[in-house]
Structure formats: C-alpha cells, structure tokens
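Residue-level structure breakdown
The chain contents come next:
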Amino acid sequence: MATADKNRKRIVIKIGSSSLTSLHGEISRRKLERLVDEVAELKDNGYEVLLVSSGAVAAGYRKLGCLERPTTLPEKQAAASIGQGLLMEAYSELFLSHGYVASQILITRSDFSDEIRYNNARNTANVLLERGIVPIVNENDTVTVNRLKFGDNDTLSAKVAGLICADMLIILSDIDGLYDSDPRENKDAKLLEKVEEITPSIEKAAGDSGSSVGTGGMKSKIDAVKIAMASGVPTFLGKAGVPNILVDAVKRKAKGTYFDSKTKLNLDQKRQWILFNSGPEGEVILKKDADLSQLGKKSLLPSKIDRVIGTFKVGSVIKILDYEQKPVGLGVVNYSSTELVQWKKEELTMEEYPKEVVYNEDLVCHIEKSIPVSV
Ligand SMILES: Nc1ncnc2c1ncn2[C@@H]1O[C@H](COP(=O)(O)OP(=O)(O)O)[C@@H](O)[C@H]1O
Ligand SMILES: N[C@@H](CCC(=O)OP(=O)(O)O)C(=O)O
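Residues numbered from 1 in each chain as written. Chains lettered and ligands numbered in written order. Predicted model: local features only at pLDDT ≥ 70, side-chain atom pairs only at ≥ 80, totals over all residues.

1. Notes on helix α6 (residues 153-163)
Definition in use: To sort residues by burial, count the other C-beta atoms lying within 10 Å of each one's C-beta; a count of 20 or more means buried, 12 or fewer means exposed, and anything in between means partly exposed. C-beta atoms are built from the backbone. Numbering of helices and strands runs from the N terminus; a helix is a DSSP stretch of H or I covering at least four residues, while a strand is a stretch of E covering at least two.
Of all 11 residues in α6, 11 are buried, a share of seventy percent or more. Taken together, the buried positions of α6 are N153, D154, T155, L156, S157, A158, K159, V160, A161, G162 and L163.

2. Looking at the UniProt feature "binding site: ATP" (unreviewed entry) in the protein
As a reminder, the rule being used: UniProt positions are given in the numbering used here, feature names are shortened, and annotations may be inferred rather than shown by experiment. The contact criterion used here is simple: two residues whose C-beta atoms, placed from the backbone, lie within 7 Å are in contact.
As annotated by UniProt and renumbered to match this structure, "binding site: ATP" (unreviewed entry) occupies K14, S173, D174, T215, G216, G217, M218, K219, S220 and K221. In this fold, D174 is placed in the loop between β5 (168-173) and β6 (194-195). Using a count of 17 C-beta atoms within 10 Å as the deciding quantity, one classes D174 as partly exposed. The residue S220 is located in helix α8 (residues 217-230) in this model. Apart from the residues lying within four places of it in its own chain, the contact partners of S220 are D152, D154 and T155.

3. Observations regarding the sheet that holds β6
The line we're drawing: A pair of strands is labelled paired if DSSP reports no fewer than 2 bridges between them. In this analysis, axes come from line fits to C-alpha atoms, helices being fitted only over the stretch in contact, and the angle between any two N-to-C directions falls in the range 0 to 180 degrees.
Taking strand neighbours across the sheet as the criterion, the 8 strands line up as β3-β4-β2-β1-β5-β7-β8-β6 in an open arrangement whose pairing is mixed. The open sheet is flanked by β3 (102-107) and β6, the only strands paired with a single partner. Note: strand β1 (residues 10-15) against strand β2 (residues 48-53), 6 bridges, orientation parallel. Residue pairing for β2: I13 is matched across the bridge by L51. Set on the sheet, α6 makes contact with β1, β2, β3, β4 (134-139) and β5; between it and β1 the angle comes to about 175°. Those strands touched by α8 are β5, β7 (235-239) and β8 (257-259), and its axis lies near 175° from that of β5.

4. Focus on the nonpolar core
Defined as follows: By convention the nonpolar core is taken to be a set of buried residues drawn from Ala, Val, Leu, Ile, Met, Phe, Trp, Tyr and Cys and joined through C-beta atoms within 7 Å. Segmentation into domains, and thus their bounds, comes from an automatic or database assignment.
In this structure, I13, L169 and I170 are the most contacted members of the largest nonpolar core, which totals 96 residues. Considering each element in turn, this core owes the most residues, 8 residues, to α8. Of the domains in this structure, domain 1 (10-268) and domain 2 (280-365) are the two that each give at least three residues to this core. Excluding residues that lie within four positions of it along the chain, I13 makes contacts with V39, V49, L51, V52, I170, L172 and L246.

Here it is in structure tokens:
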C-alpha cells in the first residue's frame, strides 16, 4: 500500500511489556535505551517510525504502592496513570539524545469505532510522521473499561499499521518468533520462518496464554497478524534486544517469523474501519434466492432483504446474514431499521426506494473465517 511520501518507508514497531521490564516486572532503563538506539538507527536510515509501546502499568505500579503488577482493573488503571507519564518522559529524553522528538498518542477502542475520530487519528499520525517525529502509541488505559478495551497492544498495533498504511509491522516480543508449538511446553518446538496464511494449526500452536507481565500472549499476536495481513501490511515477529533486530527485520535478514499474505486482501481504509473497528449495530437477513456471488460486486438492493433484526440508524454498520443466518458481510446502511421494516410491510417496489441498502464501496464481504471481526 502507498504511504504519503513514496520515498520514505513507514514502519510500525510494537514492543510488549515483557520486553521492556526487568525480572521483577519493572521498566528496565537499559532495555528502553537499547530499543530507542535501534529505532533511531532506522530513523537515521530515512524510515518513518511509529512505536506502539506497552509498559505504562509496569512503569507505575511500584509508585502506586503495589509490590507486584496489579491484577484488578482500577489498580492497573491507576498504575498506568502514573506509569504512562514516566514512560513518555524516559522515551522523550532518550529520543532527544539522538536528535528526535517523541510524541504521545493514547487511543481507546471507542476512538476507533467512531469513523471521524479514526480518520482524525490518521491525520494526526500522518503530520507527525511526515515531520520526522516518533509517535508513541499506547492504549488509553486510565479511561477504558474492560468491555471496550483493545486489551493488548498487539491488536492495536495492527490496526494502527493499517490506519497509516505502514510498509511493515514489527512485533517485538520475549520470543524469537512463532513456533509450531508453545516452546515453554515443548523443547523440540520449531521456529516458523515464513507464514503465508493463518491456518487452524497455526492458531492451535499459538494457544492462548502469555507471560506474567504481558497480556496478549501468542494468540493475540496471531490475531494482530490477521488484521495486518488483511490490511496489506507484511509483519515480522522477533525477539526484542537482539542486536540490530530492527534494521535486519526491514532488510528481511533477522531471525524470526515473517508473515506475508498470500491472498492479498488489501482492504482499503474504509473497509478496514468497517471490518475491524466499527462495531455493527444490527442485522439484515438475505432472501433464500439472493445470489451471494454478486455480494461485493454490486450494491445490496432492498429486494434482496428478507428480514431486519435489531435497531439501527442511517450510517450504522450492519451485519449481512445469508438465509441460514451465517454472516456473509458487513456494510454501512443507507436506511434506518424502522424505514426498512416499514417499507417492507408496505411492499414498496424497487423504484420507490430512493437508493440501495448498502453501497458496494461501503461493503466488506466474503469475510474469511480466519479474520477476527470487530463484533
Ligand atoms: N507457538 C508459540 N510460539 C512462540 N511463543 C509462544 C507460542 N505459544 C505460546 N507462546 C508464548 O507467548 C509468549 C509471548 O507473549 P507475551 O508474553 O504476551 O509477550 P509480549 O509481552 O511481548 O506481548 C512467549 O514468551 C511464549 O512463551
Ligand atoms: N497498555 C498496557 C499494555 C498492556 C499489555 O501488557 O500489553 P502487552 O505487553 O503488549 O501484552 C500498558 O501500557 O501497561
């Protein structure tokens, strides 16, 4: 996908809590320094870099008076409130020592489910990147509620990489890539150097748990990779702290796992927003004879709708279900649920409907089962 300045490659780097902390779960200055040195080297080589950094909770919990990383949401939020400032202070100082300015962007899931705020976030990031700043993104932990959290920064980093049309997403973790089974449980686990498709066996290999300081584990990294792949962003997963890992990763020489989509879904930004961020509000069920092969080629016509479920307004994102209620698409609807229900009752003819139910350009369809949808 194209970036704003074609000559400058755009890289998003995600670093997890476990790669920024000491054995006791507190932020390690040495690890932070090493990361910033490497990011600065990429900047020196002409790359635009956006960093998605975890670590707010880790940086703050001791000062909150907790002996260990807290587990309750209010305590984590309070720790993040202390730690985020400290983390940014350290990043700003370290980047300045290389002659680069760092900036902070805090995002919640609800910022991304609002299309206007989503687009604003892109505009802000674009200005910062084009002016040589290093934006540092984290979830706005202090205000998010469990139900509406990204929860882990892996998913957030993939959504941000799609948002700014990154040329590459680099996920740095405490492990040197994806293995064919959890290396903690199987010492013979093998590193997968190249992955073109997230198959069920890869999902199984990733399991579901992470380390004691990270929240995501390998599962959330694979979910993130699916989003990045669908958005056309090649992704690398490797170990933080390995010398030259960032420069080598962009040259495709680093040890780790490279994820390159074979299917090239390359969703445009509107469709990325619909699929990964919008949060559908209602559903329409298609008629039995609706030709599903036309979905995605043409706009969705009122005559294809059998039933309307739930309440939605003009401009909401709705799920499109086939006759057997299997999801076949998502799209921005041009009518409210009240209008659609009423008009169906009145048996309006096609000519009496002023427009299609969902325009083709506002519709994502044939959603591969493997892609996590924002529902
Ligand atoms: N198939 C797998 N390949 C690699 N790591 C795995 C796999 N399954 C589980 N893991 C575990 O996932 C951990 C990385 O996740 P996590 O601790 O959340 O990292 P981070 O803090 O970097 O987000 C690894 O340390 C590893 O123990
Ligand atoms: N937003 C949280 C990060 C959540 C988290 O732990 O993420 P990760 O380490 O990437 O699994 C923080 O800054 O502490």
